[in-house]
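Summary of structural features
If you want the building blocks of each chain, they are given just below.
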Amino acid sequence: MAATTTTNGFAAGVTSSRASPIWRRSPKIIDNVRCPVVWRGARCEVKPIAAAREEETGRTSSLSALEMLKTSAADRYTKERSSIIVIGLSVHTTPVEVREKLAIPEAEWPRAIEELCILNHIEEAAVLSTCNRMEIYVLALSKHRGVKEVTDWMSKISGIPVSELTEHRFLLYNKDATQHIFNVSAGLDSLVLGEGQVLAQVKQVVKAGQGVVGFGRNISGLFRHAVTVGKRVRSETNIAAGAVSVSSAAVELALMKLPESSHAAARMLVIGAGKMGKLVIKHLVAKGCMKMVVVNRSEEKVAAIREEMKNVEIIYKPFSELHTCAAEADVIFTSTASEFPLFLKEHVESLPPASLEVGGLRLFVDISVPRNVGSCVDVLETARVFNVDDLKEVVAANKEERQRKAMEAQAIIEEETRQFEAWRDSLTTVPTIKKLRAYVERIRIAEVQKCLSKMGDDITKRQRKAIDDLSRGIVNKILHGPMQHLRCDGTDSRTLSETIENMHALNRIFSLETEVSVLEEKIRAKVEQIQKPAHGDTKNS
């Protein structure tokens, strides 16, 4: 789904029950049917959250994070490796009416990362928010506390009670979390197996995270590796061959619900000419539809599509004529990033009936999240509404063939998971390697200086360089053995436990105190994460 840019941030004091954590819309009751917004003219009522984030809260959070790390047992945060966790809600576990309340526009992903990393036990974070899933990936100092903090944050930004989130969410840790994002990127976890749009969305997570402090080494490494996995699965297996997309499934569903004799005569309306809308148009053309109306905010994208499909009659209409166009359509596809529903009950019940060719029943196929068509529309006898959750009916076909393709891809994912886990294991020894190199380098420099001072002022630059090169060569040769025994990147048979034993032995022998160093590093990183947004708020105020 395309995302919209907003001028407000999450901490602006209001949240959304529909599109993102930026506004909260109060529900509307129409004939005892609950609709998600209150409309006043063309606007939606918004109201501030009682517990808005303020500068004082930021200061308290900063102090609590620092004090918690300083006063906690060091073993908790140094000897036990931080965990990669995914807290998610997807089309497989959660209905669209819940997912849409948590949807975060792409433009707000960096802000979400910053807010997540202010939480006491969260070091790094990423957000993957699409029409089929809302998943938060974090590197957490503590599994249980990290999950609780993120779940509480999700509840605050969406207005969904923690108990309801807990009912729908799924939790995965470390290797399982790694395999999950690899499955997602490869299209194995999609409603439509092998669909390609999700890989582009994973790439966008990497792009959006660039330059964001909380998109750190572990989480950014995870998503970059996921992009590699998604590409490899598609190039080495035939999983994408003949795979339907959400857009093609939407077209198939519409045609399934129409009388077969009406396919050629049905009047088609596509609302939104973004990526999803363009794909809907392409699939309609592939099914023989050679005339349709496209409503979009600007004509530029529609003109580009028309130029690409010169044999198709594509009629552009502006958004101001939305309901006029709807009155003249039998099937309406919606795929916009609108924060507000485009159709509510009162809009649709005033429309004339659909044509007799389709039985007088108007179809709405809404593949947007948040939804563009209110659920209250479905109570009308003159309309039927389908959303992304209803596409399961289409993709249930050829299940056996898709599972066979998935098995081919799974072998690649298991191999790539081992490689990523080995890379993460190798990070464990990085502090020891840095400290050992720094320790030996201090000794080398001191001894070289002693040597040079004894040789007097007559020594040439060439001789100085020769002595310096000699000392570096000796140090590198001595360090080669210890460094080899600190390797744990999957390139040899050494296990992680053996590598950790070697690391602790070197720490003791050379008094490197890397555990204290790691703790100091984590405290410093938390303070920087907390202070950066605070400085940004001051700057923008």
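Residues numbered from 1 in each chain as written. Predicted model: local features only at pLDDT ≥ 70, side-chain atom pairs only at ≥ 80, totals over all residues. Heavy atoms only, no water.

Turning next to the pattern of salt bridges. Taken as a whole and judged by the stated rule, the model has 20 salt bridges. Taking the shortest distance from any N to any O, the salt bridge between Asp152 and Lys148 comes out at 2.9 Å. Here the residue Asp152 and the residue Lys148 both occupy positions in helix H5 (residues 143-158), the gap between them amounting to four residues, near one helical turn. Lys148 sits in the exposed class, given a relative accessible area of 53%. Here Asp469 and Lys465 are joined by a salt bridge, their closest N and O atoms 2.8 Å apart. Here Asp469 pairs with Lys465, and both are found in helix H18 (residues 461-484), just four residues apart, close to one helical turn. Given a relative accessible area of 38%, Asp469 falls into the partly exposed group. Salt bridges here are not isolated pairs; linked through shared partners, they connect Arg232, Glu236, Glu415 and Glu416. (Salt bridge = Lys/Arg side-chain N within 4 Å of Asp/Glu carboxyl O. Helix = DSSP H or I, 4+ residues; strand = E, 2+ residues; numbered from the N terminus. Buried < 20%, exposed > 50% of the residue type's maximum accessible area, 1.4 Å probe, protein only.)

A large share of strand E7 (residues 133-140) lies buried, amounting to eight of its eight residues. Side chains Arg133, Glu135, Tyr137 and Leu139 project from E7 onto one buried face, and the interleaved Met134, Ile136, Val138 and Ala140 project onto a second face that is buried too. Across eight bridges, the pairing between strand E5 (residues 83-90) and E7 is antiparallel. Bridge pairing in E7 links Ser90 to Arg133. (Pairing = 2+ DSSP bridges.)

In space, the six strands of this open sheet follow the order E11-E10-E9-E12-E13-E14, with parallel pairing throughout. This sheet does not close on itself; its edge strands, each paired only once, are strand E11 (313-317) and strand E14 (383-387). The mean inter-strand angle of the sheet, taken between neighbouring strand axes irrespective of direction, is 20°. As defined by bridge partners, strand E10 (residues 291-295) adjoins E11 across five bridges and the pair is classed as parallel. Within the sheet, the bridge partner assigned to Val294 lies in E11 and is Tyr316. (Axes fitted to C-alpha atoms, helices over the stretch in contact; angles between N-to-C directions.)

What follows is about the pairing of strand E13 (residues 362-366). Burial within E13 is extensive, with five of its five residues counted as buried. The alternating pattern of E13 places Arg362, Phe364 and Asp366 on one face and Leu363 and Val365 on the opposite face, and all of these are buried. Sheet topology note: the strand E12 (residues 331-334)/E13 ladder contains four bridges and is parallel. Of the residues in E13, the one forming a bridge with Ile332 is Phe364. The pairing of E13 with E14 spans five bridges and is classified as parallel. Across the sheet, the residue bridging to Arg362 is Ala383, located in E14.

Let us now look at the packing of aromatic side chains. Scanning the entire structure with this criterion turns up five aromatic pairs. Measuring from ring centre to ring centre gives 6.3 Å for Phe182 and Phe420, while their planes differ by 80°; the resulting arrangement is edge-to-face. Of this pair, Phe182 sits in helix H7 (residues 174-186) while Phe420 sits in helix H16 (residues 399-427), and the two are 238 residues apart along the sequence. Here the two residues Phe182 and Phe420 agree in accessibility, since each one is buried. A ring pair is formed by Phe420 and Trp423, whose centres lie 5.5 Å apart and whose planes are at 40°; its orientation type is tilted. One end of the pair is Phe420 and the other is Trp423, both in helix H16 and three residues apart, which spans about a single turn. Classification of Trp423 as partly exposed rests on a relative accessible area of 31%. Taken together, the ring pairs in this structure connect Tyr137, Phe215 and Phe223 into an aromatic cluster. Over the face of the ring belonging to Tyr173 we find Lys143, whose NZ or CZ atom lies 4.9 Å from the ring centre. (Phe/Tyr/Trp six-rings, centres within 6.5 Å; stacked < 30°, edge-to-face > 60°. Lys NZ or Arg CZ within 6 Å of the ring centre and 35° of its normal.)

Take the sheet that holds E7 next. Here four strands make up an open sheet; going across it, the order is E6-E7-E5-E8 and the pairing antiparallel. Looking at which strands have only one partner, the edges of the open sheet turn out to be strand E6 (122-129) and strand E8 (170-173). Strand-to-strand, the axes of this sheet are offset by a mean angle of 15°, without reference to chain direction. On the sheet, H5 packs against E5, E6, E7 and E8 and is oriented at approximately 35° with respect to E5. (Contact = heavy atoms within 4.5 Å.)

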